[in-house]
2 protein chains.
Amino acid sequence: MKWDELAEQSCSMARTLSVIGDRWTLMVLRDCFLGVRRFDDFQRRLGVTRGILSDRLRQLTEAGVLDKVAYQDRPPRHEYRLTRRGLDLHPVILSIVHWGDVHMAGEAGRPILHRHKTCGALFDPVLSCSECGEPVRPHDVEVIRGPGHAADRHMPPDEAEG
Amino acid sequence: MKWDELAEQSCSMARTLSVIGDRWTLMVLRDCFLGVRRFDDFQRRLGVTRGILSDRLRQLTEAGVLDKVAYQDRPPRHEYRLTRRGLDLHPVILSIVHWGDVHMAGEAGRPILHRHKTCGALFDPVLSCSECGEPVRPHDVEVIRGPGHAADRHMPPDEAEG
DNA sequence: ACGAGTCAGTTCTGAAATCGAACGTACTTT
DNA sequence: AAAGTACGTTCGATTTCAGAACTGACTCGT
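Okay, so let's go over this structure. (Residues numbered from 1 in each chain as written. Chains lettered and ligands numbered in written order. Predicted model: local features only at pLDDT ≥ 70, side-chain atom pairs only at ≥ 80, totals over all residues. Heavy atoms only, no water.)

Observations concerning the protein's contact with DNA strand D
Here is step 1 of the chain: Not every one of the 21 residues close to DNA strand D is listed here, only the nearest: Met 1, Arg 50, Ser 54, Arg 77 and Tyr 80 of chain B.
Here is step 2 of the chain: Protein-proximal atoms of DNA strand D, defined as those within 4 Å of the protein, fall in sugar or phosphate at a share of 62%.
Here is step 3 of the chain: Between DNA strand D and Arg 74 of chain A there is a distance of 3.5 Å, counted from a sugar or linking oxygen to a backbone nitrogen or oxygen.
Here is step 4 of the chain: Contact distances for DNA strand D include 2.7 Å between a base nitrogen and a side-chain N or O atom of Arg 50 of chain B.
Here is step 5 of the chain: Listed by contribution, the elements that provide at least two residues to the surface near DNA strand D are helix 3 (23-33) and helix 5 (50-62) of chain A together with helix 4 (39-46), helix 5 (50-62), strand 1 (66-72) and strand 2 (77-82) of chain B.
Here is step 6 of the chain: For the surface near DNA strand D, a count of residues per class yields seven nonpolar, three polar and 11 charged. (Near = heavy atom within 4 Å. Polar contact = N/O pair within 3.5 Å; in protein donor to acceptor, adjacent residues only side chain to side chain. Helix = DSSP H or I, 4+ residues; strand = E, 2+ residues; numbered from the N terminus. Nonpolar A, V, L, I, M, F, W, Y, C, P; charged D, E, K, R; others polar.)

Written as C-alpha cells, this is what we have:
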C-alpha cells in the first residue's frame with residue numbers, strides 16, 4: 001500500500017498518517033511549535049537532508065498544515081507558519097512528547113518541562129472527555145460505527161479493547 | 001540521521017519517534033487498540049507486506065510496547081498484546097484519530113465515533129492540564145529546560161510558540 | 001569592487017528500505 | 001489425501017533516503 005492509497009481509506013488514523021505519518025514530518029512539526037519558521041533553521045536544528053526537508057515542507061503546505069508566507073521580496077524569501085489546521089496538531093505532538101518523557105527519559109530525567117501559563121504550574125498533558133471532563137482510559141472507550149463509515153477494516157474485529 | 005541516532009537525542013519527541021515514528025507501526029498500534037492480536041489478522045486488515053509486519057511487531061516487542069504471548073503449544077502460536085507502556089500510547093492514537101475526524105473526514109462525516117463508557121456520551125478527546133484540569137491551548141504552553149537536558153537543539157530558538 | 005556569508009532550495013550517486021509474491025513448516029479439518 | 005490455518009522467511013525489482021555538492025540572488029564588510 002502506498003501513501004496515497006492510505007489517504008483514501010475510510011479510517012481517520014490512516015488519513016491523518018498520510019499527512020503526518022513520517023518521522024521527519026513530525027520532527028518538523030515539533031520545531032514549528034517551538035517557533036521555528038525558516039528553511040535553514042529547520043535544517044540546522046534537525047540535521048535532516050535539505051532534499052527531504054524541502055519535500056516535507058512542500059507536503060505539509062499542500063496539506064494545509066503549514067502556510068508559506070513571504071517575508072521579503074528581493075531575493076524572495078518565505079517562512080512556514082502553522083495554520084489553524086496545524087495548530088490543531090498540538091495534542092498529537094504533546095502526547096508523543098509526554099510518552100517519551102515517561103517511558104524514554106534517561107537517568108537524568110526529562111529534557112524539557114511544560115508550564116501552563118494560565119495556571120502557572122508545571123504540568124503533564126492528560127487526555128480527557130469533552131463531555132464529562134474526566135480523564136479517558138483505554139478500556140473506557142467504545143468504538144461505534146459513524147456516518148462516514150465504509151465497509152473497510154477499521155472496526156473492532158469482534159470484541160474491543162486490549 | 002538514522003533511527004538509532006534519533007533515539008540518542010535528548011529530545012522526548014525524537015526518542016518516541018524512534019519507537020513509533022513509522023506509518024505501519026502506528027497502523028499496527030491502532031489495530032492493537034481495536035483488539036487485534038494475531039499476525040494474520042494484522043496482515044489482512046492492514047494490507048501491509050508480511051515482511052514489514054514481522055519486522056514492526058518485533059521492534060514493538062523489543063521496545064516493550066507489545067508482549068508476545070503463547071496461546072498454544074503445538075504448533076507454537078503467539079499473540080501480541082499491549083503492555084502498560086503500550087496502553088500509555090492511547091492518547092497519541094486518540095489524538096491522531098481525532099485530528100483526522102476533524103480535518104480529513106469526507107462529506108459523509110466521521111467513519112467512527114467514540115463513546116465514553118463511564119459517562120455514556122459520545123465524546124471528543126480533549127488535552128487538558130494535569131494541575132488545573134483546563135484544556136491546554138498551544139499558546140498557553142511554555143517550554144522550560146528540564147534536568148535531563150543536554151545541549152541539543154530542542155529548545156525554542158528565542159521566543160516560543162507559533 | 002571583491003570575496004565571504006546568508007537563505008532557499010535543486011541535483012547527483014550510492015545505500016537502505018519497501019513491495020509483491022512465492023515458499024516453508026507445523027499442525028487441523030474435511 | 002488434500003485443503004486450510006497460522007506465522008513467518010526469502011527473493012528480485014522498485015522506491016526512498018543520506019550525504020554532499022551546486023545554483024542563484026542577494027547583503028555585508030573592507
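Some remarks on helix 3 of chain A
All names here are of chain A.
Here is step 1 of the chain: Along helix 3, 11 of the 11 residues are buried, which leaves the element largely enclosed by surrounding structure.
Here is step 2 of the chain: Among all positions in helix 3, only Arg 23, Trp 24, Thr 25, Leu 26, Met 27, Val 28, Leu 29, Arg 30, Asp 31, Cys 32 and Phe 33 are buried.
Here is step 3 of the chain: Measuring from the backbone nitrogen of Trp 24 back to the side-chain oxygen at the start of helix 3 gives 2.8 Å, which picks out Asp 22 as the cap.
Here is step 4 of the chain: After helix 3 finishes, the residue Gly 35 shows a positive phi value of roughly 100°. (Buried < 20%, exposed > 50% of the residue type's maximum accessible area, 1.4 Å probe, protein only.)

Section: the relation of the copies chain A and chain B
Here is step 1 of the chain: Screw-axis analysis of chain A against chain B gives a translation of 0.0 Å along the axis, an RMSD of 0.1 Å, and a rotation angle of 180°. Both copies are brought into coincidence by an operation consistent with a two-fold rotation axis. Nearest to the rotation axis, the C-alpha of Leu 127 of chain A is located 2.3 Å from it, this being the minimum over chain A.
Here is step 2 of the chain: Here 99% of the interface residues in chain A have copies in chain B that are interface residues too; the copies meet face to matching face. (Least-squares fit on C-alpha atoms with pLDDT ≥ 70 in both. Contact = heavy atoms within 4.5 Å.)

Here we look at helix 4 (residues 39-46) of chain A
All names here are of chain A.
Here is step 1 of the chain: Looking only at helix 4, the buried set comprises Phe 42, Gln 43, Arg 45 and Leu 46.
Here is step 2 of the chain: Tucked into the core, helix 4 has its buried residues touching helix 3, helix 5 and strand 2 (77-82).
Here is step 3 of the chain: Just past helix 4, the residue Gly 47 takes up positive phi, approximately 75°.

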